[in-house]
Every structure is written in structure tokens, then in C-alpha cells.
Amino acid sequence: MNATVYKSTGNWYIVKDDAGKQFNARLLGKFKIDGLTSTNPIAVGDKVNIEMENELEGSVTITEIEDRKNYITRSSPANKHQHHIIASNLDQSLLFATLKDPKTSQGFIDRFLITSEAYHVPSIIVFNKSDLYKKKEEEKFALVKNIYEAIGYKVLSMSLETGDGVGAVKSLLKDKVTLLSGHSGVGKSTFINAVFPEMKLKTQDVSGWSGKGLHTTTFAEMFDLPFGGKIIDTPGIRELGLVDIPKKELSHYFPEMRALINDCQFNNCMHLNEPACAVKAAVENGTIHMDRYISYCNILETIHEKTY
Ligand SMILES: Nc1nc2c(ncn2[C@@H]2O[C@H](COP(=O)(O)OP(=O)(O)OP(=O)(O)O)[C@@H](O)[C@H]2O)c(=O)[nH]1
Ligand SMILES: [Mg+2]
Ligand SMILES: [Zn+2]
């Protein structure tokens, strides 16, 4: 039987079959060690095959996982070279950011965009809590909007408090599988509850099953949208570790640098101190924003390549 993973708690999974029937699922022990390098062999969004284990309890066993169209990972806190798959088979991701309570840094946004570029997931940046903006934040928003729109990303602003701009974000979701990510406290879960009040019930159903009555987001979870499509709520990311991007390749995931790579004199140019570097020339003449170049240099420094 075919099914899709809607929630993963690490040991148990919630899956739905093609008819929309929900099951509690587990993996066979053997499956886990079967050549998988990620810390979680099964992630939300995965398409799997299931076999009935106990019809009365509605529990099933996951016997197979289909190839993923794409996925988003972060490195596991314990081991930087190990993946933790946040979710898979995505059409897009909405990166929720805030300029206040909490503050999302541009560095964090850049890391997220690099990850999305590397895994081929189109990303849209949504700034929430615009009701909290004073003049300083208004100016900051105008600045970051310019930076990211200039390199091809859509940037939206909304307030879940006042409802301002929320409709435009909601309209992006129809018939798509959308991942919500961002720091803790930026309003991911509030967004889902605000635009789909009926979703609240579902959250309670599922946490009721886990027996812990959790209402904070501790595990990624996918919800069916009433008008078609799916949305995935995730726990806030504190720090986003990049996974396995070689230093030489980092600039390929900056769209504005990728466009210039063939113009550098050296084909392995890292755009630092090399002569005749097209990227540095673009930074100097302002076509590449200095903030993005600084991010690039900072991130480059954090990449410690495997030496085997
Ligand atoms: N002022 C203001 N507060 C908001 C807005 N949106 C959400 N909040 C508040 O921000 C807090 C955090 O919201 P959550 O939805 O729990 O944040 P989250 O991103 O799901 O956080 P995690 O689940 O921890 O990752 C809540 O107290 C919300 O009421 C907004 O537009 N303006
Ligand atoms: Mg949440
Ligand atoms: Zn260069």
C-alpha cells in the first residue's frame, strides 16, 4: 500500500494512505541501518510503502521508501557531516523571518537560501510581525527586500496580528507542498492556525494520540489544506548548519555569483584574493551587495572540509 509520511517523532510515524486514512507506523529495525547516512531515515513528506501490522490498532509497518524528489536538511548537532532531513518532496519553502521579537539575521537567511538552492527547493522569504515595526525596522525591511528581490527571491511582509498581507501569503499555498521554516517564535504555527482555523482540531487530535498533549512544535508535521495542497509546520531552527557543501562550490548557491563564475580568470576561483575575479569586481561596482559577499566570506570560513 502506498502512503505519505505526515509526522515523525523519531520512533513512530503518522502516515496517510492514498485514500486519506491515517495510520501509526513504525520501521522494521533492519531498515534503519540499510545504508542510510541521515540521522532520521524517514522524514515528513516521504512516500513510502506500508504493510498492515495490526488492523485493530490501525498500526502499520513501513517496508520501503520511494526516491525523494528533493528534501531540506540541516546538519545534526552531534555530527556536522550527518544530515537530519527536515522534510522531503517539497514544491516550495516559506522562510519566516522577523526583524523584532525575535530578530532573524541576514546570515541565517543566507544559509537557508543556500540550503534551498543546493537541494532545489524554491524559497520565498516572508517577514512576519510587521505590526511591530518602527522607523528603524521599516528601513531595514526596505533594505533586505531590495537585496533579495534583486537576486530573484520573492519577499513578502505580513502581520498575523493585524492580518495585513496574510492573504497574499495564503494564496501561495494552493495545490503545493509548502515547508514553513524559520527561528522559533517567528509565527509559523500561528500562521497555520490563523489561515486554517479548522487545522487546530487536527493538531489536537494528533498530539492527543502521542499522549503528551503537546502544543508547541517539537516535530515536523504536515497538514492537508482544505483547498488543495499541504503545509508542513516545523520546530524552530536555532542555527542552521550547512551540510557537505565544498568550499569551491559555495558560490554556486549564491544566484548572483553563480551568474558570474565563468567570468573569473581561474575556474576554481573562491572570490577571495584571486586576480581578475568577476565576483569581487561586481562587489566593488555594487552589482553584488556587500552584505551578501560578507555572508559568503563568513560562511566559507565555517566550512571545514572532510580530509579523507
Ligand atoms: N506582534 C505579533 N506577534 C505575533 C505575530 N505572529 C505571531 N506572533 C506571536 O509570536 C509568538 C510565537 O508564535 P508561534 O506561532 O508559536 O511561533 P513558531 O514559529 O511556530 O515557533 P516554534 O514552534 O517554536 O518554532 C506567539 O506568541 C504569537 O502570538 C505577529 O504578526 N505580530
Ligand atoms: Mg510552532
Ligand atoms: Zn572569482
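As a reminder, the structure under discussion sits directly above these lines.
Q: Just checking my understanding: could you explain the pairing of strand E9 (residues 123–127) for this structure?
A: Regular strands have side chains that alternate between both faces of the sheet. For E9, a buried count of five out of five residues is recorded, marking the element as mostly surrounded by other parts of the structure. Side-chain alternation along E9 places Ser123, Ile125 and Phe127 on one buried face and Ile124 and Val126 on a second face that is also buried. Two elements, strand E8 (residues 92–97) and E9, share five bridges in a ladder whose sense is parallel. If you follow Ser93 over to E9, its bridge partner there is Ser123. Tracing the backbone out of E8, into helix H2 (residues 106–118) and back to the parallel element E9 gives a crossover that is right-handed. Pairing geometry for E9 and strand E10 (residues 154–157), over four bridges, is parallel. Its bridge partner being in E10, Phe127 is matched across the sheet by Ser157. Regarding topology, helix H3 (residues 135–150) serves as the crossover connection from E9 to the parallel E10, and that connection is right-handed.

Q: I would appreciate a short explanation of the packing of aromatic side chains in the present structure.
A: The way to describe two aromatic rings as a pair is by their centre distance and the angle between their planes. Summed over the entire model, instances satisfying the criterion amount to seven aromatic pairs. Summarising the aromatic geometry, the rings of Phe196 and Phe227 are spaced 5.6 Å apart at their centres and angled 55 degrees between planes, so their arrangement reads as tilted. Residue Phe196 is found in the loop between helix H5 (188–195) and helix H6 (199–210), and its partner Phe227 is found in the loop between strand E12 (221–224) and strand E13 (230–233); the two are separated by 31 residues along the sequence. Aromatic pair Phe254 and Tyr296: ring centres 5.6 Å apart, planes at 90 degrees, arrangement edge-to-face.

Q: Please clarify how the coordination of the zinc ion (ligand 3) should be interpreted in this entry.
A: For a metal bound by four donors in tetrahedral geometry, the ideal donor-metal-donor angle is 109.5 degrees, whereas six donors in octahedral geometry ideally sit at 90 or 180 degrees. Distances from the zinc ion (ligand 3) to its protein donors, Cys264 (SG), Cys269 (SG), His271 (ND1) and Cys277 (SG), fall at 2.1 to 2.4 Å. All donors of the zinc ion (ligand 3) belong to a single chain; written as a sequence motif, their spacing is C-x4-C-x1-H-x5-C. Of the two residues, Cys269 and His271, neither departs from the other in class, the shared state being buried.

Q: Would you mind showing me how to read the nonpolar core here?
A: Inside soluble globular proteins, nonpolar side chains tend to come together where they are buried. With 32 residues, the main nonpolar core has Leu90, Ile109, Ile125, Phe127, Tyr148 and Ile232 as its most contacted residues. At the level of elements, strand E7 (83–88), E8, H2, E9, H3 and strand E11 (177–181) are the ones that each hand at least two residues to this core.

Q: Looking at this model, I keep getting lost on unusual backbone geometry. Mind explaining?
A: Trans peptide bonds make up most of the peptide bonds, and negative phi angles are found at most residues other than glycine. Each neighbour pair has its own omega, and for Asp101 with Pro102 the value is 0 degrees, a cis peptide bond. Take Pro102: it is sitting in the loop between E8 and H2. At Lys129, a residue that is not glycine, the phi angle is positive and equals roughly 70 degrees. Inspection of the secondary structure puts Lys129 in the loop between E9 and H3. Its identity as a non-glycine residue notwithstanding, His271 has a phi of 65 degrees, on the positive side.

Rules of the game
- Residues numbered from 1 in each chain as written.
- Chains lettered and ligands numbered in written order.
- Predicted model: local features only at pLDDT ≥ 70, side-chain atom pairs only at ≥ 80, totals over all residues.
- Heavy atoms only, no water.
- Buried < 20%, exposed > 50% of the residue type's maximum accessible area, 1.4 Å probe, protein only.
- Helix = DSSP H or I, 4+ residues; strand = E, 2+ residues; numbered from the N terminus.
- Pairing = 2+ DSSP bridges.
- Right-handed = clockwise from strand over helix to strand, strands pointing away.
- Phe/Tyr/Trp six-rings, centres within 6.5 Å; stacked < 30°, edge-to-face > 60°.
- Donors = N, O, S within 2.8 Å, 3.2 Å for Na, K, Ca; no water.
- Core = buried A, V, L, I, M, F, W, Y, C linked by side-chain atoms within 4.5 Å.

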